[in-house]
Each structure stands twice: as structure tokens, then as C-alpha cells.
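An overview of the molecular structure
In case you want the letters, here they are:
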Amino acid sequence: MTIKTVKDAINDALVQSFEEDKNVILMGEDIAGGKGREQYQGTQDAWGGPFGVTQGLYTKFGGERVRDTTIAEAGFFGAAIGAAMTGLRPIVELMYVDFAGVCFDQMMNQAAKVRYMFGGKQKVPMVVRTVVGAGFRAGSEHSQTLYSLYTHIPGLKVVAPYDAYDAKGLLLSSIKDDDPVIFMEHKRLYMTSCEVPDDLKPIPLGKGRIRREGSDVTIIAIQRMNLFAEEAADELEKINISCEIVDPRTYSPLDEELIFQSVKKTGKVIVVDESNPKCSLASEISSLISEKCFSDLKAAVIKITAPHTPVPFSPPMEDFYIPSTKKIIDAVKKLKDV
Amino acid sequence: MIEKEKINWIYKKIFTIRFFEERIKKIAKEKTVPGYLHTCIGSEAICVGVMAALNQDDWISSTYRNHGHAIAKGCELNEITSEIYGRKTGICKGRGGSMHISDFSKGMLGSFGIVAAGPAVVLGAALQEKINKSNKTCVSFFGDGAIHNGAFHEAAGLAKLWDIPMIFVCENNGYAEATATDWHLNTKELSDITKAYDMLSYIGDGNNVFKVYDISKKAINEAKQKNTPIFLEFKNYRFSGQYEGDTQLYQPQEEIDKAKQNDPIKLAKENSSKYGLNKNDLEKIINEAKEEVDKAFDFADTQPWPQPEDALEEVYVNYPVEINR
Ligand SMILES: Cc1ncc(C[n+]2csc(CCOP(=O)(O)OP(=O)(O)O)c2C)c(N)n1
Ligand SMILES: [Mg+2]
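Here the structure is a predicted model, which is why all the values come from computation and not from measurement.

All names here are of chain A. Among the nonpolar cores identified, the biggest contains 91 residues, and Ile 10, Met 107, Met 126, Tyr 150, Met 184, Ile 259 and Ile 289 are the most heavily contacted of them. A domain split of this core shows at least three residues from each of domain 1 (2-196) and domain 2 (209-336). Excluding residues that lie within four positions of it along the chain, Ile 10 makes contacts with Val 53, Arg 129, Ala 167, Leu 171, Phe 183, Glu 185 and Tyr 190.

If you want it as C-alpha cells, here you go:
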């Protein structure tokens, strides 16, 4: 057992995947850094991406497999599709998910549809690693989560780990998976850590996780919101309210069974999602519960989400934008009294 | 000949931008201010030289590296600084932050954080000028890295096809993040990419503010006369990292030292007597610039924070705010 940060756990999963399968390659902007200055000492692997997550891969595996690109997302995302269809297992980095717009066509219309539209004869085993999340004071164009944007598209799988254990296990599976996977890393979680076994097995996609067992209220928390859910549950425990926390971990496919079991147990549900509310994971999960567990519910599902606004820069506004521990506690108390 | 008033303006702006960015570097180190900060040390001559050829109501777009463009275009220093501090009196009411400094009333269409988002927006403004037979100049600022992005190429192609007299200003500062420009270019000169669009292009020394001014002025006239877009490439050096806090491991010291010999501020100082400024004139301008910058930072520090719920305002022109919650 070793304590690992999310950042290191992801790096470990990448290294392990590179070692296990020579067809795994990585492409992205400044995933190594220092291109064009190789003749100087200390320039190699100067960046490892803006958060240093891919640092060391270039040095270990070389420029043929670890390729810095130009700012041409449509180009290298498209290239990943062709490479995947013909035998490689490309991982591409979308530096911030906010840049999805400049290469969304590749994911929405090619990666997602190749298998279906061409008669099920092809597959596109690629992974998009991307950085999501508010709380970094990074403003409207570097702070979104956009989980539902990809989850909406049939043919894409969507993964969003909370801790280092899940990050490593889920990335290992994502790379082995034969479908295109969007793997979302939250910038505020990179430096958080937990125990990660050195020989951790891949965690299957589509399997959620009960982070805390409880009996009064179910909190379904999406990625970083698990942090606030845990804090809320700790507080509420002091006044004898017992919360169950469900972390779906993957959003397409979604572990509906796990969610429904918890709903059956508590009959009271809160969904916490840092994204905008309309057509979100929160609204999707809430609607599924209403449809499939109507008779188990003792109250309407409560959604706690960001407001229907872009992410503002200034701290007081951004803090208001992001769901909080307090909002969860208030909602739980409201449900408890039902 | 360039008139005295303009010379003074140029000197004032170029020093203001340098002092401003040095203060930004300082507050970044002290962690006074939240968020990403991209400074433009080394770009001052491009910001000021191009803007000297524009009127206040001409249109520009900028990027996350926008402080210099905003200052040169005439945005209020106090408002820029307050925005960076996240205050309610900021130029974007604290919603945008450093990466999105923009004042529409000063001819800034926007500072976009997505690389290569600007050129097409400026193309649209220029199209409007053409349709309305107005004559405002339209300029898009972007970096060397942006020329690989499809959005830039699509804007360039349309601008040429539609005979739109807009100016593409590419600031070739040697790096796109941690990637050297000489590595990422496929052509010998960056501006060779315009050949595919049969677009006029000129290369200029981006460290010499008067050369930048001269080329810009000529290009604007030529573009309007010939009804055609023009691409300007200005070569300079990015002394700052990609953002404040960047280790800059990939920028060799000998390269930085060499570039320092052509530091735009150094060149401006050396050229001052040639432009009729004596030592006292120059000192006076420098002191004024420094004082104004200091005042702006003092001002920002005292400004009120926005209310949390201000986040809900102005998502749309016409929309019930209550349902935004
Ligand atoms: C579409 C898109 N891809 C990637 C990024 C991340 N990014 C921000 S700045 C930058 C480099 C831009 O370099 P350049 O155009 O030379 O401008 P400079 O920073 O040198 O002014 C990159 C890759 C982005 N903002 N938008
Ligand atoms: Mg550049």
C-alpha cells in the first residue's frame, strides 16, 4: 500500500499501460514540453502538461509514442480515431474540457459513430484525458465540467474519478476498453491522496461505489462533490443523521442498480453535481430515480447543482456557483424531517 | 513625421504596460490575486505600435495575454486592475478576471481564452463595417501557436474570399506555451502560411514600437485601399513564462540574455532622443507611468468584492433570472 495523489496515480496508470501494450500512445499539447530546445539541458519533459501529470513519459518512452502536438485539437483528435481504428490505443489530452468545442465533431460524429454507422465492424479504442472543474479561479473558459455534453452522445463512455484509487483503476480499464472513453480529471483533486495498492487491478467501467454506508438519506455525488458529501455526512453524523454516499464514478455506462438499491434503502435522495443544471447528470439521475423507484421515494429528489450561468471568476461569485457542504447539510435536514 | 503628441502617448503607454506587468509578476509571487495570470513582458511594442495606428473606436480582439492590448486600447487602468483582483468595480464586474479583460466601449470585442477564437470574431465585425459602409479598422491579435488552429484558417480564407480589409496581427514571440516556435512551424517564415490564401503579409520587428507603428499604419491604409485582408507578423520574445508560476525550464538562459539586447523598452529608451524626447521628458513620462500603475493597484486593493448572487446577472439580455438558480 502506498499513499498516492490523483496526479501520480494517473501517471502510474499511464506508465503501466505503456509498458503493458506497445500500441498505447499519447498525444497532446506540451504533454512533454520543451520541444525545439532538446539541445539544452533540463528542457526535456519541461512541462508534462499544465499540471505535470504526464511528466516523465517522454523521457521513458520517447517521442514516437509520446507526441507533443500543435494547437490543433481537431487534427490530433481525428488522428487518434484513425490510429485507434487501425490498431493503436491512442490517449489524447484535451488540456481543459472547455476546449471541447474545437474538437467536438471528432468525438460526436466520428469516434462515437464509427462502430454503429459502419455496421459494427470497426472499433475506436481511444481515450480522451481532460481536465474539468471550477474552484481554481480560472474563469469562464477554463472551469467547466461539461459531464453531460459527452454523456449525451451514444457511443462514448464517460468516466470521472474522485480519488487516486479510482483514478488509477479506472484509467487502466479505460485504456484497455475497446470504445472511445472520455476520462475526466478534476483540477482541484489532482493533489488529493489516498491509499493505492501497487498492484491495483483495473476497475470495470459502469460500476459505481458506495463511499459510505448509511440509512437515512442517499447522497449521489459526482466527482469532486464527494468531498462535500463526506464533509456533510461527518457533520450530520454528529446529530445522528446517517447518510449513504453513492459515487457512480462512470456516467456512461451508469451503475443504475447501485443507485436504485440505495434509494430503496433510504427513500430520500440528493444528487450533487458541480455542472450547470439543465440536461445535466443531476437531472438525468433524478429522472431515472423518479421513473424507476417512484414507489420507494418518500420525498422528491433534491438536486444541488451550479446555477444556469457560466463559471464566474471572482471568488465570492465562484464559491456561490459551486455546490457547498452547507447546501448539502441543509438539504439533508429538510429531507430528514419529511 | 510622427507628431509630438503621438510620441508622448507611445512612450507613456509602453512604460505603463511594462510597469503594470511587473506589478502583476509581483502580486503573482505574493499570491495576492487568485487565478491564472499571463503577462506580456516583451510584447509592449506590438501592443502600443499597432494601437498607435488605430482610433479609439476601431475594433480589436485579444487573448488571455491581454493586459497590454487593453492598456494600449485605452481601457481604464483602475478597472483593469480591479478586474484582476476580482472586484465588483472591475472592467467585467469581476466575472472575467485577468484572462478576459475587455471593454466594448473602448473597441475591444473581447479577450478570448480559447486559442484562435478571436480572428473569426473580428472578421464578423469587419463584415459589419463593410455592410454598413462604415470605415472602422478591425484587428485581431493572436500568437504564433494559434496559426495551427482551424478556426484561424477558416477566418483567413473567408476574409480573403469576401475582400474584407481586416488586419491579422500575429505576435511571434518564440513560444506557444512550452513549445518553441521554430519547432512548431512547418514553413520557413510563419507568415508563409498566408500563401495558401494569396493574402498579403508583412514581417516586422516587434521590439521596435516605431517600426510596428509604421508597418501597421501602412497595412491599414493598403488593406482599405485594396479591400483585402493583411497579415502582419511581428517577431519578439516572450520574456514571461506562459503564465506566472511557469518554471520556464525550456527557455535557455543564453536565449533570454540575447533577447534582452532587443528588449522593446530598452530600444524605446535608446530611440527617445531621435524622437525629440530629452532626458527630462523621458524621466517625466516614466515617473507618470509608474505613478499611475501604482495608483491603480492601490485602488484595486480597496475595491469591494461582488456579492455572491451577482453571479446570476447578465447571462442573457432577456431571461428570467429567478430560474437561473
Ligand atoms: C483551443 C485551445 N487549445 C489549447 C489552449 C491552451 N493554450 C493556452 S495558450 C496556449 C499557447 C498559445 O501560444 P501562442 O498562440 O503562441 O500565444 P502566446 O501565449 O505566445 O501569446 C495554449 C496551447 C487553449 N487556450 N485553447
Ligand atoms: Mg507565442
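From this point, the narrative continues.
The next subject is the site of ligand 1. With respect to spatial proximity, 20 residues lie near ligand 1, and among them Glu73(A), Tyr64(B), Arg65(B), Gly113(B) and Asn173(B) are the closest. Neighbouring residues of ligand 1 are not confined to one chain but are distributed across chains A and B. For ligand 1, a nitrogen atom lies 2.8 Å from a polar atom in the backbone of Gly113(B). A distance of 3.0 Å is found between an oxygen atom of ligand 1 and a side-chain nitrogen or oxygen belonging to Asp144(B). Contact with the protein chains hides 97% of the accessible area of ligand 1, taken as 580 Å² for the molecule alone. Residues of the shell around ligand 1, tallied by class, amount to 10 nonpolar, five polar and five charged.

All names here are of chain B. Tracing the backbone shows Thr 194 in the loop between helix H7 (181-184) and strand E7 (200-205). C-alpha separation for the pair Thr 194 and Ala 156, spaced 38 residues apart in sequence, amounts to 8.0 Å. With sequence-adjacent residues up to four places away left out, Thr 194 is seen in contact with Met 199, Ser 201 and Phe 231.

This brings us to the domain arrangement of chain A. Note: interface size is frequently given as the accessible area lost on complex formation between the parts. Residue and element names in this part refer to chain A. For chain A, the assigned domains read domain 1 (2-196) and domain 2 (209-336). The C-alpha centroid of domain 2 is placed 27 Å from the C-alpha centroid of domain 1. Approximately 2300 Å² of surface area, both sides summed, lies buried where domain 1 meets domain 2, with 51% of it carried by carbon and sulfur atoms. Sorting the residues of domain 1 by area buried against domain 2 places Arg 137, Tyr 147 and Tyr 162 first, and these three jointly supply 32% of that buried surface. The interface formed by domain 1 and domain 2 contains seven salt bridges. Here domain 1 and domain 2 share 20 residue pairs in polar contact (both at pLDDT 80 or more) between them. Only helix H6 (147-151), strand E6 (157-159), helix H7 (164-176) and strand E7 (181-186) provide two or more residues apiece to the side of domain 1 that touches domain 2. Taken together, the residues of the side of domain 1 that touches domain 2 break down into 15 nonpolar, 10 polar and six charged.

This brings us to the sheet that holds strand E1 (residues 59-63) of chain B. All names here are of chain B. Reading across from one edge, E2-E1-E3-E4-E8-E7 is the order of the six strands in this open sheet, with parallel pairing throughout. Both outer strands of the open sheet, strand E2 (108-112) and E7, are each paired with one neighbouring strand and no more. In this sheet, neighbouring strand axes are inclined to one another by 15° on average, regardless of whether the strands run parallel or antiparallel. One ladder, built from four bridges, connects E1 with E2; its direction is parallel. Note that in E2 the partner of Ile 60 across the bridge is Met 108.

Thresholds applied
Residues numbered from 1 in each chain as written. Chains lettered and ligands numbered in written order. Predicted model: local features only at pLDDT ≥ 70, side-chain atom pairs only at ≥ 80, totals over all residues. Heavy atoms only, no water. Core = buried A, V, L, I, M, F, W, Y, C linked by side-chain atoms within 4.5 Å. Buried < 20%, exposed > 50% of the residue type's maximum accessible area, 1.4 Å probe, protein only. Domains from an automatic or database assignment. Contact = heavy atoms within 4.5 Å. Near = heavy atom within 4 Å. Polar contact = N/O pair within 3.5 Å; in protein donor to acceptor, adjacent residues only side chain to side chain. Areas by Shrake-Rupley, 256 points an atom, 1.4 Å probe, with all protein chains shown as cover. Nonpolar A, V, L, I, M, F, W, Y, C, P; charged D, E, K, R; others polar. Helix = DSSP H or I, 4+ residues; strand = E, 2+ residues; numbered from the N terminus. Buried area = accessible area lost by both parts, 1.4 Å probe. Salt bridge = Lys/Arg side-chain N within 4 Å of Asp/Glu carboxyl O. Pairing = 2+ DSSP bridges. Axes fitted to C-alpha atoms, helices over the stretch in contact; angles between N-to-C directions.

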